[in-house]
There are 2 protein chains.
Amino acid sequence: MSGGTTGDPNVEEDQSITVSLLSAQRSVPNSTSQVAIVGAKVCPIESLDYEIFENELFKQDWRSQGKLQILQYICMKWLLCFLIGLIVSLVGVCNNLAVENLAGVKFVVTSNMMLESRYGMAFLVFSVSNFVLTLFASIITAFIAPAAAGSGIPEVKAYLNGVDAPGIFSIRTLFVKIIGSISAVSSSLLVGKAGPMVHTGACIASLLGQGGSKKYRLTCKWLRFFKNDRDRRDLVTCGSAAGIAAAFRAPVGGVLFALEEMASWWRSALLWRAFFTTAVVAIVLRAFIDLCLSGKCGLFGTGGLIMFDVYSANISYHLDDVPPVLALGVIGGILGSLYNFLLDKVLRIYTLINEKSIYNKIFLACLISIFTSCLLFGLPWLASCRLCPLDATEACPTIGRSGNYKKFQCPPGYYNDLASLIFNTNDDAIRNLFSKGTDSEFQPSSVLIFFITCFFLSIFSYGVVAPAGLFVPVIVTGASYGRLVGMLVGSRSNLNHGLYAVLGAASFLGGSMRMTVSLCVIILELTNNLLLLPLIMLVLLVSKTVADAFNGNIYDLIMKAKGFPYLETHAEPYMRQLTVGDIVTGPLQLFNGIEKVSNIVHVLRTTKHNGFPVIDEPPLSESPVLFGIILRAHLITLLKMKAFLSTQVPTGIDSLNQFSAEDFAKRGSGNGDKIEDIGLTEEEMEMFIDLHPFTNASPYAVVETMSLAKALILFREVGLRHLLVIPKISLRAPVVGILTRHDFMPEHILGLHPVLVRSRWKRLRIRFPSWGKIF
Amino acid sequence: MSGGTTGDPNVEEDQSITVSLLSAQRSVPNSTSQVAIVGAKVCPIESLDYEIFENELFKQDWRSQGKLQILQYICMKWLLCFLIGLIVSLVGVCNNLAVENLAGVKFVVTSNMMLESRYGMAFLVFSVSNFVLTLFASIITAFIAPAAAGSGIPEVKAYLNGVDAPGIFSIRTLFVKIIGSISAVSSSLLVGKAGPMVHTGACIASLLGQGGSKKYRLTCKWLRFFKNDRDRRDLVTCGSAAGIAAAFRAPVGGVLFALEEMASWWRSALLWRAFFTTAVVAIVLRAFIDLCLSGKCGLFGTGGLIMFDVYSANISYHLDDVPPVLALGVIGGILGSLYNFLLDKVLRIYTLINEKSIYNKIFLACLISIFTSCLLFGLPWLASCRLCPLDATEACPTIGRSGNYKKFQCPPGYYNDLASLIFNTNDDAIRNLFSKGTDSEFQPSSVLIFFITCFFLSIFSYGVVAPAGLFVPVIVTGASYGRLVGMLVGSRSNLNHGLYAVLGAASFLGGSMRMTVSLCVIILELTNNLLLLPLIMLVLLVSKTVADAFNGNIYDLIMKAKGFPYLETHAEPYMRQLTVGDIVTGPLQLFNGIEKVSNIVHVLRTTKHNGFPVIDEPPLSESPVLFGIILRAHLITLLKMKAFLSTQVPTGIDSLNQFSAEDFAKRGSGNGDKIEDIGLTEEEMEMFIDLHPFTNASPYAVVETMSLAKALILFREVGLRHLLVIPKISLRAPVVGILTRHDFMPEHILGLHPVLVRSRWKRLRIRFPSWGKIF
């Protein structure tokens, strides 16, 4: 079996103990792809089954469902989507409210001290409050729910691909994610809240689907329809769409994000439910905006939910504005891929540090916090004070937290432009950068300093052990770089600098995250101006093309670094040269249609396999015939229920009445029973179980001569967990082996056929690294 | 074989003669699903193969491809997308320009005559010009390209599902579609131009991919990579996205439309290429708008390309506006499903009329044209003249073609509100309905008359033998009904009547076309106001939900009426009760690995099958072994090339050098060689062919005990044309049968198992008609 252990017995957290086991059917030479590094612990990863599992028991249960049950199912589906939308939007509002008020109070207090020239005291208050907030976020993350660290988007994306990382949807992860994200963002770390919102949305969806947490589960009978991987996956998809919708007030963008970036399988019906979920989010947010605009939300209201709504005026641009926009796209692509490269490297270094001890993690987070505080407070002193413009539409210098003209250390009538950007919340900085009619407000040197700071600070901030998103840092970095380009182009362009900032943000997002339609719609919904559309499309296309020539998208890199066995859509070129038979290895464990209990117990104890072929052998049939495949979880349930026969005689269909489909329903992620917990007497061990009613009699199978590339397409498109391999010549045993997700991982295949490594690289070099993704 | 014949030998058009044959492997009891009624002729429909066809020859060709070929392929892919975008946008511009100028001149001339009170003459000019334009459109459609009639969206949607209706992508269809659409829309028929634009885009994409038409094909070597169904399908998807983008100036909406409504398979990479295509469209359109705004486009410029850009101002609405919006959604859903129901019935009656003779078709079109002219000219006399408002922002009454205040028969200083709507181009009518600050401009009675006229006229106009879209009629009908609701709600609402018109259009679109995200984005891009988003989402969700309770979406109904064997995503409930073995019937034709020429010729002549299993039998192997599947087209090519062996001895790999993959490449739709055209001598008939190198050795297969529902999922998700059925017990022949698309059609299955009909209806009644689509 894999190199993963079932967890160090000394660790306190239960998610590493309760995780289920790997689904690989045989020993895998190269086990790196199967082990996830969550926090600093090595945990095995379960894979999921999106195929319909059809055994006689489930079929009978399905046939017995009447009008009422089907109506229940439909109602529950839509009710759950409604609840997901409602709860996610409420969380989004609370999140925004808390961040704006926490960070707001901090900046107001500090600014007031600086007005009185108590600079030392101001720095102390600023850095200590940041330190405390970061410490709090990192302590709860490290000790309570390590799975809540980071953005969460890679984990959810992997889940939707069929990789169930341990603990990502537990209730403690949810709470830590929400609270940790609020304190991390409030602590002026350069981290975003969109990624954590996506994870929060997915978490809420998963918990709602399984009816609360595994411990405090509500026993809602109506939810029994959702105790399978397929329905849970659909809910999680809707949840992640709701997350983006709530974070950016971008309902259409949220649906498209879930579709383009998150989901590995997609149906048109799901589009509609995701759309419904985000519509609920949009309407609830709209109601809260009405409420907050009337000033009932404290410091919140001018910022936060009302995103960067700064472009209601008409913009005119012509074809001669295209060259600078193209340049913006090219540079954005290069910077984006550089960003991905550096982030990946820094993350790997951080993992080495974090692996050692839980205190290392917290220490690292504190260090980054202090460093950030020093930079944010120290850098504005480098900028020279600028005279307030006479025609300023708002007070200059601004007294308080928001506004374009921060006073900082400047005398009255002057403002510090770098402080307006850097000594501010990220949302306000973006708003300042995006706003039009501010072409003369910022000096190039300030924007340059701001850009460099953001670029590196966001790389170093992401890996700390706290919930941390990437969207906002990328947007703020891209906006500053875009504004810089706008300054360089100067008056040769019809576009104002704010527009350049928007396009810069788009290009950097495109270069780093490599989405197209969804980013385009999100940016449109953020800036609320459809006239920008052609330019944004252009810039996204160019930056994605350029960046794809260098490396993969940021979430894929993080997934790879975490070791998730993510199944790609496209087959690698060398897979066309192999057949399925070439990668099937190892001894195969089979069961008879009516199997002895002691055999089952022995096989379950000695192997870690998750699925077993069931064969009808000569006493029961003329020749060995493949009957189907049975799951480990179902076998354990059968053993637990002690549904034994005294003789090797098939039972009738009536005997199924003692079972209910619910006993065999899939539980929440990673909390099944274990074979070690089941005690059986000597007598019971000698009895038999009729496996037929519990066996999936319609397993997908391929002939061993099938090309590996085509088997992968089947495996991926239909969403399988096990794929049976049957022999070409019919005289041998009726099944040759089982393929699982891990068998399709390039590491595994190249481990078995090292000669292909050369041809693989040859291919890859021809197409340039990862250009394979383009088509 | 199916009930379809290969075409009446007396017809002139070659597309009905050159069509390829049905892919069914055996006789199908119920053949209604396999025959399309295109125009009035019965033509067999070919199905397409989206699976990768892997035989030794193709593999070797693929292996021999170097750096250069792969680069060529990538470049061609993007170049083709660029060309599609460019050409489609140019066609879109020309289309708009022509319509605006033709219809504009007509209205200006008529209005001038009416100014001089020459009403009789005005009616004559109006109706005769309409008559001539309609006659022209229907004559070219009926005689040159019957496949160009109607919207074309159902045909393209069916193509992307794998159904190749004859002649839909020929060059003459393209020309007739463009010219016919211009004259039909200019002739004041209530038909749209968006549907024809989608078909035009798909047609351009398909023709570009195959390098021009089949007759005048450019022999471009670079295009050889695109001579397969998969790449052509991708291009057609991009083309249909470009069509919507060009028709509505909605690039993001176009991509989403292609994704949500058109495509049956979708990959993330395709999203990007479709996005690129529509970005090209957006940029080219933008350039032309710049050009036309400077007044160089004749009467064109104020209308047409600049869609209903009437909402740049801020709109405020609150939660108490939600009830009327909900009501709008419910009524829109009911009206939409009624619309679909009536349209379907009228289409079936029209088909009966049109079937009889080609002159019937033209007569029907002329009748509709005269009827339309009478209504458009007659109805405004019913409306009373209204005093021009004193604060009107434009001249009142309007002299000329455009504008809100048509004079019609009214005295100076007065205007006819019904004429402003009805005696106008559809685009201008929509613009008038959508515009804000016009709450007192229209009387309820006029809007009611307009609504009823549009509702029924559009139903009667769609089926005429001319290119005719549904989008614009549905929008104009929906807008008038929305405005009516706005008037009823009156001052109790914060929303103005123009906004109600927008929401009404959305609800009617949702009720009739049943899209969500794409319609939402298209409406946003049309009206250019993102603040409407939550309301539009709400109205679309409600109207789609209500309408889905009654019937299916309009395009699916049309596809069903045309008899396309469209493969649905979801399996019908009764399919879970059947196994694959239950529907495999009829004698199976097999070939030996090395087969006698006379046998091949005999089988090809006596059957219409499109794929044949290849078996290695005892002389060549120990026991009968399934080697793979070979296509009829490849067999014919082999016979044509006379690649024969004198003895039954396998050839080496070297013999492949005499073949090139290009000989076996898929041609354009429906123009393969026929077995009857190949002449062979007696001597040649006694020779052998080694089929191994040309056989797909990796066919997808299922065991006969596989549940039908799961086989359908495999068939649908992987995009197959043939699915082999292998026996459960290994002692029998290595293959039991072949499943094709037609075997999965409900009509076929229920024909074989009539007992299921009852259970099927039971299920459907429980879930309400077609509620199965909801999930």
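Given the structure is predicted, the values throughout are model-derived calculations rather than measurements. (Residues numbered from 1 in each chain as written. Chains lettered and ligands numbered in written order. Predicted model: local features only at pLDDT ≥ 70, side-chain atom pairs only at ≥ 80, totals over all residues. Heavy atoms only, no water.)

Enquirer: When you look at the overall build of chain A in this model, what are you seeing that I'm missing?
Expert: Per the secondary structure count, chain A includes 27 helices and 14 strands. Residues classed as buried in chain A amount to 65% of the 775 residues present. For chain A, the share of sequence-separated contacts (at least 6 apart) that also reach a separation of at least 24 residues comes to 79%. Just so you have it, chain A exposes about 26,100 Å², and 63% of that area is on carbon and sulfur atoms. (Helix = DSSP H or I, 4+ residues; strand = E, 2+ residues; numbered from the N terminus. Buried < 20%, exposed > 50% of the residue type's maximum accessible area, 1.4 Å probe, protein only. Contact = heavy atoms within 4.5 Å. Areas by Shrake-Rupley, 256 points an atom, 1.4 Å probe, with all protein chains shown as cover.)

Enquirer: Explanation requested: the interface of chain B and chain A in the structure shown.
Expert: Across the contact, 87 residues belong to chain B and 89 residues belong to chain A. Regarding the contact of chain B and chain A, the summed buried area is about 8,600 Å², with carbon and sulfur atoms giving 72% of it. Taken together, the links from chain B to chain A amount to 0 salt bridges. Scanning the region where chain B abuts chain A turns up 6 residue pairs in polar contact (both at pLDDT 80 or more). The element contributing the most residues to the side of chain B that touches chain A is helix 9 (residues 268-293) of chain B, with 13 residues. Across the side of chain B that touches chain A, the residue classes tally to 52 nonpolar, 15 polar and 20 charged. (Buried area = accessible area lost by both parts, 1.4 Å probe. Salt bridge = Lys/Arg side-chain N within 4 Å of Asp/Glu carboxyl O. Polar contact = N/O pair within 3.5 Å; in protein donor to acceptor, adjacent residues only side chain to side chain. Nonpolar A, V, L, I, M, F, W, Y, C, P; charged D, E, K, R; others polar.)

Enquirer: Sorry, what's going on with the nonpolar core here?
Expert: The nonpolar side chains of a soluble globular protein tend to be buried with one another. Counting 324 residues, the largest nonpolar core has Phe471 of chain A together with Phe471 of chain B as its most contacted members. Sequence-distant contacts of Phe471 of chain A, that is, excluding residues within four places in its chain, are made with Ile153, Ala194, Ile244, Phe248, Phe257, Leu509, Met513, Met515, Leu519 and Tyr555 of chain A. By size, the runner-up hydrophobic cluster in this structure holds 53 residues, among which are Val580 of chain A together with Tyr700, Leu708 and Ala709 of chain B. (Core = buried A, V, L, I, M, F, W, Y, C linked by side-chain atoms within 4.5 Å.)

Enquirer: Which parts of the structure should I look at to understand unusual backbone geometry?
Expert: Trans is the prevailing form of peptide bonds, just as negative phi is the prevailing case for residues other than glycine. A positive phi angle, near 50°, is found at Arg249 of chain A, a position not held by glycine. Inspection of the secondary structure assignment puts Arg249 of chain A in the loop between helix 8 (229-248) and helix 9 (251-262). For Arg249 of chain A, a relative accessible area of 25% corresponds to the partly exposed category. With a phi close to 65°, Ser188 of chain B is a non-glycine residue in the positive phi region. Mapped onto the elements of the fold, Ser188 of chain B is located in the loop between helix 5 (171-186) and helix 6 (194-209).

Enquirer: Please clarify how the sheet that holds strand 9 (residues 611-616) of chain B should be interpreted in this entry.
Expert: All names here are of chain B. One open sheet accounts for 3 strands, arranged 7-9-10; its pairing is mixed. Of all strands in the sheet, those with a lone pairing partner are strand 7 (591-592) and strand 10 (625-631), marking the two edges. Contacts from helix 22 (residues 632-641) reach strand 7, strand 9 and strand 10 within the one sheet, and its direction differs from that of strand 10 by about 80°. (Pairing = 2+ DSSP bridges. Axes fitted to C-alpha atoms, helices over the stretch in contact; angles between N-to-C directions.)

Enquirer: How do you make sense of the packing of helix 8 of chain A against helix 10 (residues 268-293) of chain A when you look at a structure like this?
Expert: A pair of packed helices is characterised by two quantities: the angle between their axes and the separation of those axes. Residues and elements named next belong to chain A. Between helix 8 and helix 10, the least distance of the axes is 9 Å, while the angle of their chain directions is 35°. The way helix 8 lies across helix 10 gives a crossing that is right-handed. Here Asp234, Thr237, Cys238, Ala241, Ala242, Ala245 and Ala246 of helix 8 come into contact with helix 10, specifically with Leu270, Arg273, Ala274, Thr277, Thr278, Val281 and Leu285. Among the residues forming the contact of helix 8 with helix 10, the class breakdown is 9 nonpolar, 3 polar and 2 charged. (Left-handed = near helix turned anticlockwise from the far one by under 90°.)

Enquirer: It is not clear to me how the relation of the copies chain B and chain A should be interpreted in this structure. Could you clarify?
Expert: A rotation about an axis combined with a shift along that same axis relates the two copies of the chain. Least-squares fitting of chain B to chain A yields an RMSD of 0.0 Å, with the superposition described by an axial translation of 0.0 Å and a rotation of 180°. A rotation of that kind, with that shift, is consistent with a two-fold axis. The residues that chain B uses at the interface reappear at the interface of chain A in 100% of cases, marking a shared surface. (Least-squares fit on C-alpha atoms with pLDDT ≥ 70 in both.)

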